[in-house]
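# Report on the structure
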Amino acid sequence: MTIPNDSVMLLSYVNTQLRDFYPSLYEMCKALDIDEEEIREKLKSIDYEYNSEINKFV
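Here we summarise the structure given alongside this text. (Residues numbered from 1 in each chain as written. Predicted model: local features only at pLDDT ≥ 70, side-chain atom pairs only at ≥ 80, totals over all residues. Heavy atoms only, no water.)

## Notes on the packing of helix H1 (residues 7–20) against helix H3 (residues 36–44)
Just so we agree on the cut-off: The axes used here are C-alpha line fits, helices contributing only the stretch in contact, and every angle between their N-to-C directions lies in the interval 0 to 180 degrees. Per the convention used, a helix needs a DSSP run of H or I reaching at least four residues, while a strand needs a run of E reaching at least two, with both numbered from the N terminus. Roughly parallel covers angles under 35 degrees, roughly antiparallel covers those over 145, roughly perpendicular covers 65 to 115, and oblique covers all other angles. With the far helix as reference, a near helix turned anticlockwise by less than a right angle produces a left-handed crossing, and one turned clockwise produces a right-handed crossing. Contacts were defined at the residue level, with two residues in contact if any of their heavy atoms lie within 4.5 Å. Residues are sorted three ways: Asp, Glu, Lys and Arg are charged, Ala, Val, Leu, Ile, Met, Phe, Trp, Tyr, Cys and Pro are nonpolar, and all the rest, Gly among them, are polar.
Between H1 and H3, the least distance of the axes is 9 Å, while the angle of their chain directions is 125 degrees. It follows that H1 is oblique to H3 by the angle criterion. You can see that H1 and H3 cross each other, and the crossing is left-handed. From H1, Ser-7, Leu-10, Leu-11 and Val-14 reach across to H3, where they touch Ile-39, Lys-42 and Leu-43. Here the residues of the contact of H1 with H3 sort into five nonpolar, one polar and one charged.

Encoded structure:
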């Protein structure tokens, strides 16, 4: 699975996937075979962190 390299585009992509298809970041990463920690680190670099209660990066 190819995900956006740009952090802002990645944020949009991930939050859309979480909203439309997956109940959690873990489930999304598992289904798409992508590294959860890599996603978290990349989005943290633009001051976004995953909130599991609302299932999105904020």
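Next comes the rest of the write-up.
## Observations regarding H1
A turn of α-helix holds 3.6 residues, and therefore any two residues three or four places apart point the same way. What counts here: An expected span of 1.5 Å times one less than the residue number is assigned to each helix. Categorising residues by exposure relies on relative accessible area from a 1.4 Å probe, with only protein chains included: less than 20% of the type maximum marks a residue as buried, more than 50% marks it as exposed, and the intermediate range marks it as partly exposed. We define a polar contact as two N or O atoms separated by no more than 3.5 Å, with the added condition that, inside protein, one atom must be a possible hydrogen donor and the other a possible acceptor, whereas residues neighbouring each other in sequence contribute only through side-chain atom pairs.
The first and last C-alpha atoms of H1 sit 20 Å apart over 14 residues, in line with the 20 Å expected at 1.5 Å per residue. If you check which residues of H1 are buried, you get Ser-7, Leu-10, Leu-11, Tyr-13, Val-14, Asn-15, Gln-17 and Leu-18. The inward-facing, buried residues of H1 abut helix H2 (25–32), H3, strand E1 (50–51) and strand E2 (56–57). The N-cap of H1, judged by a side-chain oxygen 3.2 Å from the amide nitrogen of Val-8 a few residues on, is Asp-6.

## Some remarks on the pattern of salt bridges
Operational definition: Here a salt bridge means any side-chain nitrogen of Lys or Arg lying within 4 Å of a carboxyl oxygen belonging to Asp or Glu.
This model, assessed by the stated rule, comprises three salt bridges. Among the ionic pairs, Arg-19 bridges to Asp-20, the shortest N-O distance being 2.8 Å. For Asp-20, a relative accessible area of 42% corresponds to the partly exposed category. Here Glu-49 makes a salt bridge to Lys-44, at a shortest N to O gap of 3.9 Å.

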